[in-house]
Amino acid sequence: MRIAAYIMLGDPAFLRQSLRSYYNIVDEVLAIFDSERLSWAGRPLEVDECLEIIRGVDTQSKVRYLSGDFHNISDHPLEAETQQRQAALDELGTEWDWILQIDTDEIVGDQVQLIICLRSAEEAARMALDYPARWIYTRCNNGLYLERCRRLWQISANYPGPIAVKPGVKLRHARQTDDPVWHVDFARHSTDPYQLWRTVDQIIPASSGLWHMSWVRSEEGFLQKGVISGHAGDLDW
């Protein structure tokens, strides 16, 4: 399979770990960012720090860059995010079997398992891959991490949107699409409390999921994430 990926620059916290977690299985990475280094809500982003990190990881010259005006295209940050993502998909074109859309605070737990799931989605003629994420909230003093779970400490999957799509897919809300999706989970029945009705197409071990590190930050980093994210206007941070 020929696989590409895009990443949106501005949050360097886990960028190095994220890109390294799938760098070996992709043929090209498009790094897309706002030319004025501003977020969808018009706040300053750490784009230059992100570019420096990428140069250190990109040992095989797989990354190319695209800048544009992404902070003036909508009054709502999530709408601007959707348009930036769509711009990345359109720029990558149609030569790929799959395009990964993994955020810079998400880490692939198992490259081999991800490839297996992509092949399964391919065989089923699906246009997108729903891959389960584990939401990690903070690091405790004892070296452990707090993770969102279900009752009785059971594993819980989360799906902010497909992490891989076919070329030509149209996004409607951040990463989400109305095209047919291949749904992967950690168990036979849905472990996402918000989507208990979902049919599970494929099961993977919990250790192979996506590690979503969005909230593993200092207090300062947490507040910064709140004002630059697509949800900047949704809460009183």
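Each remark here, short or long, concerns the structure printed above.
Definitions and limits used
Residues numbered from 1 in each chain as written. Predicted model: local features only at pLDDT ≥ 70, side-chain atom pairs only at ≥ 80, totals over all residues. Heavy atoms only, no water. Phe/Tyr/Trp six-rings, centres within 6.5 Å; stacked < 30°, edge-to-face > 60°. Lys NZ or Arg CZ within 6 Å of the ring centre and 35° of its normal. Core = buried A, V, L, I, M, F, W, Y, C linked by side-chain atoms within 4.5 Å. Buried < 20%, exposed > 50% of the residue type's maximum accessible area, 1.4 Å probe, protein only. Helix = DSSP H or I, 4+ residues; strand = E, 2+ residues; numbered from the N terminus. Contact = heavy atoms within 4.5 Å. Pairing = 2+ DSSP bridges. Axes fitted to C-alpha atoms, helices over the stretch in contact; angles between N-to-C directions. Expected span 1.5 Å × (residues − 1). Polar contact = N/O pair within 3.5 Å; in protein donor to acceptor, adjacent residues only side chain to side chain. Salt bridge = Lys/Arg side-chain N within 4 Å of Asp/Glu carboxyl O.

*Asks:* Which residues make up the packing of aromatic side chains, and what are the values?
*Replies:* Going through the model one piece at a time under the given rule, you end up with one aromatic pair. Above the ring of Tyr23, the side-chain terminus of Lys62 is found at 4.6 Å from the ring centroid. One cation-aromatic arrangement involves Lys166 over Trp98; the distance from NZ or CZ to the ring centre is 4.7 Å.

*Asks:* How would you summarise the nonpolar core if you had to cite specific residues and measurements?
*Replies:* Among the nonpolar cores identified, the biggest contains 44 residues, and Tyr22, Leu100, Leu118, Leu129 and Tyr131 are the most heavily contacted of them. Among the elements of the structure, strand 1 (3–8), helix 1 (15–20), strand 2 (28–34), helix 2 (47–57), strand 4 (98–100), helix 4 (111–123), strand 7 (133–139) and strand 12 (181–185) are those that each provide at least two residues to this core. Per-element accounting of this core gives the leading share, six residues, to helix 2. Residue contacts for Tyr131: discarding those within four places in its chain leaves Asp110, Gln113, Leu114, Cys117, Asn158, Tyr159, Ile163, Val184, Ile204, Ser208, Gly209 and Leu210. Formed by 18 residues, the second largest nonpolar core is a distinct cluster that contains Ala4, Tyr6, Ala80 and Leu171.

*Asks:* I'd love a proper account of the sheet that holds strand 2, names of residues and values included.
*Replies:* In space, the eight strands of this open sheet follow the order 3-2-1-4-9-6-12-13, with mixed pairing throughout. Sheet topology places strand 3 (63–68) and strand 13 (202–203) at the edges, where each strand pairs with a single neighbour. Pairing of strand 12 with strand 13, which is carried by two bridges, proceeds in the parallel orientation. Note on strand 13: the bridge partner recorded for Val184 is Gln202. Across the sheet, helix 2 touches strand 1, strand 2 and strand 3, and the angle it forms with strand 3 is around 165°. Strand contacts of helix 3 (residues 77–92): strand 1, strand 2, strand 3, strand 4 and strand 9 (164–165), with the helix running at about 150° to strand 1, the strand carrying the most contacts.

*Asks:* Please give an account of the sheet that holds strand 8 (residues 145–147) that cites residues and values.
*Replies:* Read from one edge of the open sheet, four strands run 5-14-7-8, paired in mixed fashion. Two strands lie at the open edges of the sheet, namely strand 5 (106–108) and strand 8, each paired on one side alone. When strand polarity is set aside, the average angle formed by the axes of neighbouring strands in this sheet is 35°. By the bridge criterion, three bridges tie strand 7 to strand 8 in an arrangement that is antiparallel. Within the sheet, the bridge partner assigned to Ile136 lies in strand 8 and is Glu147.

*Asks:* A description of helix 4 should follow, citing residues and the corresponding values.
*Replies:* An α-helix turns once per 3.6 residues; consequently, residues spaced three or four apart project the same way. With 13 residues, helix 4 extends 19 Å from end C-alpha to end C-alpha; this agrees with the ideal 18 Å at 1.5 Å per step. By the burial criterion, the buried members of helix 4 are Gln113, Leu114, Ile115, Cys117, Leu118, Ser120 and Ala121. Its side-chain oxygen placed 3.0 Å from the backbone nitrogen of Val112, Asp110 serves as the N-cap of helix 4.

*Asks:* Describe in detail the environment of Leu100, supporting the description with residues and values.
*Replies:* One can find Leu100 in strand 4. Using a relative accessible area of 0% as the deciding quantity, one classes Leu100 as buried. Sequence separation between Leu100 and Ala128 is 28 residues; the distance between their C-alpha atoms is 9.7 Å. Discounting chain neighbours no more than four positions away, the residues touching Leu100 are Ile3, Ala4, Ala5, Tyr6, Tyr22, Val26, Leu118, Ile163 and Ala164.

*Asks:* Report on the pattern of salt bridges, specifying residues and quantitative values.
*Replies:* Tallying each qualifying case throughout the model produces 15 salt bridges. Residues Arg64 and Glu28 are paired through a salt bridge, measuring 2.9 Å at the closest nitrogen-oxygen approach. Here Arg64, found in strand 3, pairs with Glu28, found in strand 2; they are 36 residues apart in sequence, far enough to count as distant. By relative accessible area, which is 18% here, Glu28 ends up buried. The salt bridge partner of Arg198 is Asp130, with a shortest N-O separation of 3.4 Å. On the criterion of sequence distance, the pair formed by Arg198 in the loop between strand 12 and strand 13 and Asp130 in strand 6 (residues 128–130) is long-range, its members being 68 residues apart.

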